[in-house]
Amino acid sequence: MEPIIGIDLGTTNSEVAFIFDGTTEIITDNDNGILPSCVSIGENGNIIVGTEAGNQALINPEKTVLSVKRYMGTDQKLKLGELSFSPQEISAFILKELKERAEKKINRPVSKAIITVPAYFTDAQRQATREAGEIAGLEVVRIINEPTAAALSYESTNPETRRVLVFDLGGGTFDVSIVRIEDGVVEVLSSTGDNHLGGDDFDLKIVDHLLKHMETEFNYSVKDKPAVMARLKRAAEGAKIQLSSAPYTTIEEDHIDKKGFKNLHLSLELSREKFEEMIEEDLVRTMESVNKALKDASMLPSAIDEIILVGGSTRIPRISQMLEEKIGHLPHSEIDPDMCVAIGAGMQAGREMGLEHSGVLVDITPYTFGTSALGEVDGEPSATKFVPLIRRNTKLPASKSEVFYTMYDNQKAVDVKIYQGEAPDALDNIQLGNYMFNLSDAPSGNEIILHFDLDLNGILKIKAVEKKTGNKINAVIENAISRFTDEELSDTQDRINGLWTEGRESETSLEKVQTGADVNELPSEYADIVRRAEEKLTEASEDDRDEMINLVEDIRDAVMNNQMEDAEKFKTELDEILFYIG
Ligand code: AMP
């Protein structure tokens, strides 16, 4: 069977997908599979495509072409140094690179492809895309619309008729489409957007902010210095990406420039809140386009069954939040927003090859993980509002931070509770951990950053940091995902393996905890259970052993501090584990 590859030929990045053993996969080449859509010409006249070409853009902009997709279907001549090319020819270099990647991986020549284009592409633009394929040695079996491909990528998860909103915000373009899928047939009902809105605009907003800061801080302007501007743009993009998972980031650029003999170092903290403020107007515009797309498809928001996010910029959390407010449910996040168009193209390629069904291989968390805070539950004030950090169906590994504020002046501590579940009231979810975090004296509003890291093995790492002092505590919850299924839930929730340490650089080893309990210091009823626990330690599983060591230490601390009620509680918990071990 002749192989057919699926290609997302994007403005900023391109990807290629193929079906291996019934599963659609993005083809990688010592990278994550994302090929920057950049073409440049090297010293020896050699053509360079991808990341290296993107780097060249900084040094030799006249020898590099970016965003060629914008010129498809026009007669514009594009320059690579002295040489001049049509947009089709430049696109063909990108397609050739993708074709070669595929051939290397599949181990066979590839001469057929499905290529995706935006729904709004005219016939001339589609024809130019076909020609680009032919120049690259690829017969373009079909051209499909990007929202169609994105919708197809999720097809395997739900076979019924669905109305899907595809929200595509990339580096330089924004499209929103309403798509109907019925019996495997995908129809684009409406499509609208803005050809000049995307992540690059958000980067520029941060750059403006940095320029203003430098003007006030150093009394100096860099606007006419391309090399400095290029560094600022890179730093701005890096900060923007970090703010998708963290509430704060610091932009550091040492030796950014010189003023007289003085070296200038840029260091500026940026909060997610501030960044969201900067781009709020743009995001409101995207929501207006959503309204228009709904209107053009004669649909109310409530008629939408699913939302699919496409494009790197949709990782900005505010976007999911706004869509949830408008449509009433959260967007899908199982498939990487950079990949779903290529995955859909790969699935369509599989169909053309006569392969019946093809799944997508994704690792996601089936549960939401979060904490509790003051807020509103069902319109009522509540002390236990569930605040999700890592949402159900998020692709793994996942990292997320949120900032929380103290309520009172000089609040001594916060009780950080970790929950798994979907209910708005944290008390209706499953508590995985509960950690006391001591704070320094500060007025109310003291910021605490809570960070969750959930890996492919279901290990949830938690870090809480007091922003003002940098004091932190860490915890690890093993098997946060797999262990908590159905009936096992309530049995297992008390037996989480928690490694918890307090203080600044907190790396207390388990061994240290183990030797910390001196049995002779304890009243006999406690000494007895501690001895029994120590005898059983070698037979216990690693999880139980860690839990037992922690409880022994808790008992000792409680007894030493004369907190006998706590001591009794820990003793009961330890007794339960010993009973369970038998
Ligand atoms: P695309 O055109 O779909 O490849 O998207 C590229 C754009 O997505 C660029 O502007 C990136 O800076 C942006 N982007 C990638 N990852 C993130 C992220 N985690 N948060 C915000 N923007 C991102």
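Refer to the structure above for everything that follows.
One structure accompanies this document, and this report is about it. Keep in mind the model is a prediction, meaning the values are calculated, not measured. (Residues numbered from 1 in each chain as written. Predicted model: local features only at pLDDT ≥ 70, side-chain atom pairs only at ≥ 80, totals over all residues. Heavy atoms only, no water.)

1. Thoughts on the overall build of the chain
The secondary structure content of the chain amounts to 14 helices and 26 strands. Seen along its three principal axes, the alpha-carbon backbone of the chain occupies a region of about 90 × 70 × 50 Å. By the burial criterion, 52% of the 582 residues in the chain qualify as buried. In the chain, once contacts between residues fewer than 6 apart in sequence are set aside, the share between residues at least 24 apart is 63%. Summed over all atoms, the accessible surface of the chain reaches about 27700 Å², with 47% contributed by carbon and sulfur. Side-chain charges of the chain comprise 61 positive and 105 negative groups, with the mean position of each set lying 6 Å from the other. (Helix = DSSP H or I, 4+ residues; strand = E, 2+ residues; numbered from the N terminus. Buried < 20%, exposed > 50% of the residue type's maximum accessible area, 1.4 Å probe, protein only. Contact = heavy atoms within 4.5 Å. Areas by Shrake-Rupley, 256 points an atom, 1.4 Å probe, with all protein chains shown as cover. Lys, Arg positive; Asp, Glu negative; His and termini not counted. Charge placed at Lys NZ, Arg CZ, Asp CG, Glu CD.)

2. Side note on the environment of Q420
Its location among the elements puts Q420 in strand β22 (residues 413–420). Residue classification places Q420 among the buried positions, given a relative accessible area of 2%. For Q420 and D201, which are 219 residues apart along the polypeptide, the C-alpha to C-alpha distance reads 37 Å.

3. Points about the sheet that holds strand β23 (residues 430–438)
Sheet strands pair via backbone hydrogen bonds, and the direction of the pair is either parallel or antiparallel. Ordered in space as β20-β19-β22-β23, the four strands form an open sheet in which the pairing is antiparallel. Each end of this open sheet is capped by a strand with a single partner; those strands are β20 (380–390) and β23. Averaged over all pairs of adjacent strands, the angle between strand axes in this sheet comes to 40°, irrespective of strand direction. (Pairing = 2+ DSSP bridges. Axes fitted to C-alpha atoms, helices over the stretch in contact; angles between N-to-C directions.)

4. Looking at helix α6 (residues 226–243)
Between its first and last C-alpha atoms α6 spans 25 Å; for 18 residues at 1.5 Å apiece the expected length is 26 Å, and the two agree. Every buried residue of α6 is listed here: V228, M229, A230, L232, A235, A236, A239, K240 and L243. (Expected span 1.5 Å × (residues − 1).)

5. Examining the sheet that holds strand β25 (residues 460–466)
Taken in spatial order, the four strands line up as β21-β24-β25-β26 in an open sheet, and their pairing is antiparallel. With partners counted over all chains shown, the strands left at the sheet margins are β21 (398–405) and β26 (472–477), one partner each. The mean inter-strand angle of the sheet, taken between neighbouring strand axes irrespective of direction, is 15°.

6. Details of the packing of aromatic side chains
Applying the stated rule across the entire model yields five aromatic pairs. With a centroid separation of 5.1 Å and 75° between ring planes, the pair formed by F18 and F20 is classed as edge-to-face. The interplanar angle of 55° and the centroid separation of 5.0 Å between the aromatic rings of F167 and F174 together place this pair among those described as tilted. In this pair, the class of F167 matches that of F174, namely buried. Residue placement shows K105 over the ring face of F20; its charged tip is 5.3 Å from the ring centre. Its end group placed over the ring of Y248, K467 keeps NZ or CZ at 4.1 Å from the ring centre. (Phe/Tyr/Trp six-rings, centres within 6.5 Å; stacked < 30°, edge-to-face > 60°. Lys NZ or Arg CZ within 6 Å of the ring centre and 35° of its normal.)

7. Concerning the site of the ligand
Among the 15 residues in the neighbourhood of the ligand, the closest are listed as N13, G171, E237, K240 and S244. Within the side chain of K240, one N or O atom sits 2.6 Å away from an oxygen atom of the ligand. In the environment of the ligand, a nitrogen atom lies 2.6 Å from a nitrogen or oxygen atom belonging to the side chain of S244. Within the complex, the protein chains bury 86% of what would otherwise be the 500 Å² of accessible surface of the ligand. Secondary structure elements with two or more residues in the shell around the ligand: α5 (199–218) and α6. By residue class, the composition of the shell around the ligand is two nonpolar, nine polar and four charged. (Near = heavy atom within 4 Å. Polar contact = N/O pair within 3.5 Å; in protein donor to acceptor, adjacent residues only side chain to side chain. Nonpolar A, V, L, I, M, F, W, Y, C, P; charged D, E, K, R; others polar.)

Shape is all these values report; function is a separate question.
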